[in-house]
Amino acid sequence: MPTPTEHGRPDAETTTLARSHDGRPIADRGDTVCVIGAGASGLTAIKNLAEHGFGVDCYERETGIGGAWNWRHDRSPVYASTHLISSRPFTQFPDFPMPDDWPDYPHHSQLLSYFERYADHFDLRRHIWFGTEVVRIEPVDGDRWDVTTRSTGGYGPERTSRYAAVLIANGHNWSPKLPRYDGLEQFRGEVMHASSYKDPAQLRGKRVLVVGAGNTGCDIAVEAAQQASHCWHSTRRGYWYAPKYVFGRPADQVNDTLLALRVPLRLRQWLYHRTLRLTVGDLTRFGLPAPDHRVYETHPIANSQLVYHVGHGAITPVPDVARLHPHSVELTDGRQIDPELVVFATGYLPRFEFLDAKILGDDEGVGRPRLWLNAFVPNHPTLAVAGLLQPDSGLFPLVHWQAVLFARLLQARITRPDRADAFAGRVSAGAGERYSGRVKDSTRHWFEVGHVDYLRALERALRDLEGK
Ligand SMILES: Cc1cc2nc3c(=O)[nH]c(=O)nc-3n(C[C@H](O)[C@H](O)[C@H](O)COP(=O)(O)OP(=O)(O)OC[C@H]3O[C@@H](n4cnc5c(N)ncnc54)[C@H](O)[C@@H]3O)c2cc1C
């Protein structure tokens, strides 16, 4: 078998014909690795696998790169005003900085241009089959995979290719999680999920109820405060609304300094509470419910404007929705309000509809895989998931190192099978491990990781694999 560095670029010459168990023709791609998706995670996967000498075929259902950050994509969750929540230095890939003259929190259009530059610089497009969606992946011949694709939208015949390994980078911010409320179907007003929210014109002049206090829900409430005739913001609990800047620096950078100094969690929580007290003040003074948890126990909300608009009466904080009536919404405190538009900013759920859920250890089929390092699959050493993370900072550096680790694992399977076997043991023993402190039990925190803890765990795994 060739070493990873001998693997060539995938092309027709490396393809041979095989047959499936039911006699279908299969293009055998030899030692080539398949990557599903060309968003941030897929791009860095292609780049790192190719740099380690592997042939790579990437399938992307859209006609462009950038995934969630490409607003032209029909499943993109970004809206006109989306900016990064994590700051630039903590979000960029470690080997490809964003331009120095970009703001701390670039706009989504800048993110797309960043990915375009990344793809051009590392010559990634030649690996990508655009407009092609993966409909099925199945294990075959031990550790190899049959990947079945078709043109997005279902046109044309299906085609199956056989790969040495698969890295799934299909994103987890595109399949809306919709809440169930009594009376929702009977409600006569307009209802949308935040995934359909694109432009403040959709809110203009309307009485709007925004449900959910994730970063998206807070952004939409702030826009409604400026565009709608009235905005109610419904949250199930009180939250810590952190400003995007603390002491003149992006908040995640201040937090990272504390983490780098290994300041213990309790002390960080105390400092955070003190800082919020001194800057934002007592949230209950604004009519916001008191948080029922300490900071860092829910995914951070970075929004400097929400409390400001509450303070100006442009956002009315309200509790959870109890039920909907045809012309009103009843809240859990018994109040009735009469929005014309309800925006559910209730998040997203991961979906791996092309794969038997049990393979990822999602035995209940709820969409929550049981993986090690949120990436590696017990009993399937040639399958991994990239980007299934909700970090307290930027995602891209974390996925970069996930991809490096997967590439080194595939190399080790050829050059040091003993280390690859030891790695497989750690995957089985560690599946489901968490890399964050205590967080509230909700789907929102399924993939929550503290970026420092997570990077340390990746580094340890890399060192073990390399025998250092
Ligand atoms: C409003 C909002 C703000 C955010 N802000 C930040 C932030 O500040 N910092 C940060 O780090 N992250 C942020 N995120 C998280 C964001 O999801 C990540 O930054 C990043 O986009 C994840 O990249 P990904 O490649 O894993 O997934 P995606 O960007 O979703 O890309 C997945 C790709 O896979 C393709 N695909 C899916 N299924 C298939 C299939 N079956 N076949 C072929 N192709 C397929 C999709 O078309 C898509 O192109 C934010 C998310 C949202 C919604």
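Cut-offs applied
- Residues numbered from 1 in each chain as written.
- Predicted model: local features only at pLDDT ≥ 70, side-chain atom pairs only at ≥ 80, totals over all residues.
- Heavy atoms only, no water.
- Salt bridge = Lys/Arg side-chain N within 4 Å of Asp/Glu carboxyl O.
- Helix = DSSP H or I, 4+ residues; strand = E, 2+ residues; numbered from the N terminus.
- Near = heavy atom within 4 Å.
- Polar contact = N/O pair within 3.5 Å; in protein donor to acceptor, adjacent residues only side chain to side chain.
- Areas by Shrake-Rupley, 256 points an atom, 1.4 Å probe, with all protein chains shown as cover.
- Nonpolar A, V, L, I, M, F, W, Y, C, P; charged D, E, K, R; others polar.
- Core = buried A, V, L, I, M, F, W, Y, C linked by side-chain atoms within 4.5 Å.
- Buried < 20%, exposed > 50% of the residue type's maximum accessible area, 1.4 Å probe, protein only.
- Contact = heavy atoms within 4.5 Å.
- Axes fitted to C-alpha atoms, helices over the stretch in contact; angles between N-to-C directions.

Student: I'm lost on the pattern of salt bridges in this one. Help?
Tutor: Two side chains of opposite charge can pair, provided their charged atoms sit close to one another. Enumeration over the complete set of coordinates arrives at 27 salt bridges. When the shortest N-O distance is used, the salt bridge between glutamate 340 and arginine 207 registers 3.8 Å. Here arginine 207 lies in strand β11 (residues 207-211) and glutamate 340 lies in the loop between β20 (336-337) and β21 (341-344), a separation of 133 residues in the sequence. Note that glutamate 330 is salt-bridged to arginine 323, the shortest N-O span being 2.9 Å. Residues joined by salt bridges that share partners form a network here, namely Arg61, Glu62, Asp74, Glu133 and Arg150.

Student: Is there a simple way to think about the site of the ligand in this case?
Tutor: Around the ligand there are 29 residues in total, and Ser41, Glu60, Ala68, Ile85 and Ser86 lie nearest to it. For the ligand, an oxygen atom lies 3.1 Å from a polar atom in the backbone of alanine 40. Between the ligand and asparagine 173 there is a distance of 2.8 Å, counted from an oxygen atom to a side-chain nitrogen or oxygen. For the ligand, whose accessible area on its own is 990 Å², the fraction buried by protein is 92%. Broken down by element, the residue count for the shell around the ligand peaks at three residues, all from strand β6 (residues 132-140). Grouping the amino acids of the shell around the ligand by side-chain chemistry returns 13 nonpolar, 12 polar and four charged.

Student: What am I meant to see in the nonpolar core here?
Tutor: One recurring pattern in soluble globular proteins is that nonpolar side chains are buried together. Ranked by size, the top nonpolar core spans 59 residues in total, and within it Leu49, Phe115, Leu373, Phe376 and Phe406 carry the most contacts. Broken down by secondary-structure element, the contributors of at least two residues to this core are β3 (33-36), α1 (40-51), β4 (56-60), α3 (108-121), β9 (165-168), α8 (396-415), α9 (417-430) and α10 (451-466). Ranked by residue count, the leading element in this core is α8, at 11 residues. Setting aside anything within four residues of it in sequence, one finds leucine 373 in contact with Gln402, Leu405, Tyr435, Tyr454, Ala457, Leu458 and Ala461. Of all hydrophobic cores here, the second largest spans 28 residues; its members include Met192, Tyr197, Cys231 and Leu288.

Student: Just checking my understanding: could you explain the packing of α9 against α10 for this structure?
Tutor: Helices that pack against each other are described as a pair by the angle of their axes relative to one another and the distance between those axes. Between α9 and α10, whose axes approach to 8 Å, the crossing angle comes to 145°. Contact with α9, carried on its side by Arg419, Phe423 and Arg426, involves Ala461, Asp464, Leu465 and Glu466 of α10 and no other residues of that element. Its residues assigned to classes, the contact of α9 with α10 shows three nonpolar, no polar and four charged.

Student: Got a minute to help me understand the environment of phenylalanine 396 in this structure?
Tutor: For phenylalanine 396, the position within the fold is in helix α8. The buried category is assigned to phenylalanine 396, whose relative accessible area is 4%. Phenylalanine 396 sits 303 residues away from phenylalanine 93 along the chain, and the two C-alpha atoms are 5.5 Å apart.

Any functional reading would require information that these geometric values do not contain.
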